[in-house]
Amino acid sequence: MQENLILTYLLIIPIIGSILVLFFDEEQKKIIRWFGFLISLIAFIISLIAYKQFNPQDQQFQLIHKVLWIKSLNISYHVGVDGISLILILLTTFITPLTLLSTWKAIDKNVKMFTFSMLLLEAGMLGVFMSLDIFLFYIFWEAMLIPMYFIIGIWGGERRIYASIKFFLYTMFGSLLMLVAIIWLAVYASNQTGMFTTNLIDLYKVGPTIARSIQNWMFLAFFLSFAIKVPIFPLHTWLPDAHVEAPTAGSVILAGVLLKMGTYGLVRFCLPLFPQAAVHYASFISILAVIGIIYGALVSVVQPD
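Treat the numbers as computed from the prediction; the structure is a model and nothing was measured. (Residues numbered from 1 in each chain as written. Predicted model: local features only at pLDDT ≥ 70, side-chain atom pairs only at ≥ 80, totals over all residues. Heavy atoms only, no water.)

Trainee: Any chance you could break down the packing of aromatic side chains for me, citing the residues and the numbers?
Mentor: Enumeration over the complete set of coordinates arrives at 22 aromatic pairs. Plain terms: the ring middles of Trp-34 and Phe-37 are 6.1 Å apart, the flat faces sit at 75 degrees to each other, and that makes the pair edge-to-face. Of this pair, Trp-34 and Phe-37 both sit in helix α2 (residues 29–53), three residues apart, which is roughly one turn of that helix. A relative accessible area of 40% means that Trp-34 is categorised as partly exposed. Residue Phe-37 is classed as buried on the basis of its relative accessible area, which comes to 12%. (Phe/Tyr/Trp six-rings, centres within 6.5 Å; stacked < 30°, edge-to-face > 60°. Helix = DSSP H or I, 4+ residues; strand = E, 2+ residues; numbered from the N terminus. Buried < 20%, exposed > 50% of the residue type's maximum accessible area, 1.4 Å probe, protein only.)

Trainee: Explain the nonpolar core residue by residue, including any values.
Mentor: If you look at the biggest cluster of nonpolar residues, it comprises 91 residues, and the most contacted ones within it are Leu-7, Met-130, Phe-219, Phe-222, Phe-226 and Met-261. When residues in this core are grouped by element, the largest group, 12 residues, is from helix α11 (residues 248–273). Here Leu-7 is in contact with Ala-50, Gln-62, Leu-63, Val-79, Gly-80, Val-81 and Met-130, once residues within four sequence places are set aside. (Core = buried A, V, L, I, M, F, W, Y, C linked by side-chain atoms within 4.5 Å. Contact = heavy atoms within 4.5 Å.)

Trainee: I'd love a proper account of helix α4 (residues 111–130), names of residues and values included.
Mentor: Given a rise of 1.5 Å per residue, 20 residues ought to cover 28 Å, and the 29 Å separating the end C-alpha atoms of α4 matches this to within 8%. With 18 of 20 residues buried, α4 is to be regarded as a mostly interior element. (Expected span 1.5 Å × (residues − 1).)

Trainee: Lay out helix α5 (residues 134–143) with the relevant residues and their values.
Mentor: Across the 10 residues that make up α5, a large majority, seven, are buried. Among the residues of α5, Ile-134, Leu-136, Phe-137, Tyr-138, Phe-140, Trp-141 and Glu-142 are the ones counted as buried. For α5, the N-terminal capping position is held by Asp-133, with its side-chain oxygen 2.9 Å away from the main-chain nitrogen of Phe-135. (Polar contact = N/O pair within 3.5 Å; in protein donor to acceptor, adjacent residues only side chain to side chain.)

Trainee: Quick one: what's the story with the pattern of salt bridges, residue by residue and with numbers?
Mentor: This structure, assessed with the given rule, holds five salt bridges. One salt bridge connects Asp-241 with Lys-166, and the closest N-O pair in it is separated by 3.1 Å. Residue Asp-241 is found in helix α10 (residues 238–245), and its partner Lys-166 is found in helix α7 (residues 160–193); the two are separated by 75 residues along the sequence. Side by side, Asp-241 and Lys-166 carry an identical accessibility label, which is buried. (Salt bridge = Lys/Arg side-chain N within 4 Å of Asp/Glu carboxyl O.)

Trainee: Describe the packing of α4 against α5, naming the residues involved and giving the relevant values.
Mentor: When two helices pack together, their arrangement is given by the angle between their axes and by how far apart the axes lie. Two elements in contact, α4 and α5, have axes whose closest approach is 8 Å; the angle formed by their N-to-C orientations is 150 degrees. The angle between α4 and α5 places the two elements in the roughly antiparallel class. Seen from above, α4 lies across α5 with left-handed handedness. Each of Ala-123, Gly-124, Gly-127 and Val-128 in α4 lies in contact with α5, whose residues at this interface are Phe-137, Phe-140 and Trp-141. Split into classes, the residues belonging to the contact of α4 with α5 amount to five nonpolar, two polar and no charged. (Axes fitted to C-alpha atoms, helices over the stretch in contact; angles between N-to-C directions. Parallel < 35°, antiparallel > 145°, perpendicular 65-115°, else oblique. Left-handed = near helix turned anticlockwise from the far one by under 90°. Nonpolar A, V, L, I, M, F, W, Y, C, P; charged D, E, K, R; others polar.)

Trainee: Describe the pairing of strand β3 (residues 75–81), and please don't skip the residues or the numbers.
Mentor: With seven of its seven residues buried, β3 lies for the most part within the structure. The alternating pattern of β3 places Ile-75, Tyr-77, Val-79 and Val-81 and Ser-76, His-78 and Gly-80 on opposite faces, both of which are buried. Note that strand β2 (residues 62–70) and β3 share six bridges and pair antiparallel. The partner of Leu-68 across the bridge, within β3, is Ser-76. Between the antiparallel neighbours β2 and β3 lie four residues, among them Asn-74 with a positive phi of about 60 degrees. (Pairing = 2+ DSSP bridges.)

Trainee: Outline the side chain of Ser-175, listing residues and values.
Mentor: Checked against the element boundaries, Ser-175 lands in helix α7. Not counting residues up to four positions away in its chain, the partners in contact with Ser-175 are Tyr-138, Trp-141, Glu-142, Leu-145 and Ser-225.

Trainee: Can you explain unusual backbone geometry? Please cite residues and give values.
Mentor: Backbone phi values are negative for most residues with the exception of glycine, while trans is the configuration of most peptide bonds. Going from Val-230 to Pro-231, the amide bond is cis rather than trans, its omega being -15 degrees. Of note, Pro-231 is situated in the loop between α9 (212–229) and α10. Here Phe-233 and Pro-234 are connected by a cis peptide whose omega angle stands at 5 degrees. Along the chain, Pro-234 turns up in the loop between α9 and α10. Positive phi, normally seen in glycine, also occurs at Leu-63, with a value near 55 degrees. Looking at the element boundaries, Leu-63 is found in strand β2.

Trainee: Describe a nonpolar patch on the surface, with residues and values.
Mentor: Among the surface-exposed residues, Tyr-9, Ile-12, Ile-16, Ile-19, Leu-20, Leu-22, Phe-23 and Met-113 lie close enough to one another that they form a single nonpolar patch of about 760 Å² accessible area. Considering every element that reaches the nonpolar patch, the biggest residue donor is helix α1 (residues 6–21), with five residues. Tracing the backbone shows Ile-19 in helix α1. For Ile-19, a relative accessible area of 44% corresponds to the partly exposed category. (Patch = residues over 30% accessible without salt bridge, like charges linked within 9 Å, V, L, I, M, F, W, Y side chains within 5 Å. Areas by Shrake-Rupley, 256 points an atom, 1.4 Å probe, with all protein chains shown as cover.)

Written as structure tokens, this is what we have:
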């Protein structure tokens, strides 16, 4: 076990804050708003401390905290950051208090549950960026869907139920494929190393040694999950509905952080774990990206609003 607890503190603050919010009276809207904002501000301050402790000259993962979680499966609570994830953590902790401030007049219904959902969403997003165990990553990846589902479904526009269910189904389908690939990868690693492991740093050594035919399938399972989140054409149709129907705070979080997670997943998992498959599918992905750019531009041209 390594003892740098700064990322654990950062992760646990919004979780504790979201639980404490539930003990407030629903009518104490002003106190709830201030409390939610202060919790998110504390998280931002802790992220600045983490940034101060980070050494940009060191190319390895830093600020690591690792504790064995599920002994029988060798699964750990394992968090750490590199330059990419640290910047995204700072982005998350910076945007969250701003979005909470923006809702003080815009959100007047179920303020307690909204603040609870926003703080829980922040914890989920932070967990995604700092996880160094792919099972732990998956838990946070799934967990953040739930508060965003309710943020759209309760505080959204007229078609909010349709938009929230569509958002949930799309992302859940992609996540199930990723779960299959995670189990497959961990089992393959157990054949290579002699033990079942979901440690991302260990898997970085195993992934590139996998035969390309198997890499291709694993890559596609991860890629589809992340492509939905980017989203890449033609897996993008959930996004316009979610953006239009979500409250302003939800749209800001969606555009500012959640959509970055798809690209983060590609960089953190697909490229280093399956490099041969990444090269194999690079042209195909590039074509989809260009289609998305042109398609988005053409659709924008015909919009009356």
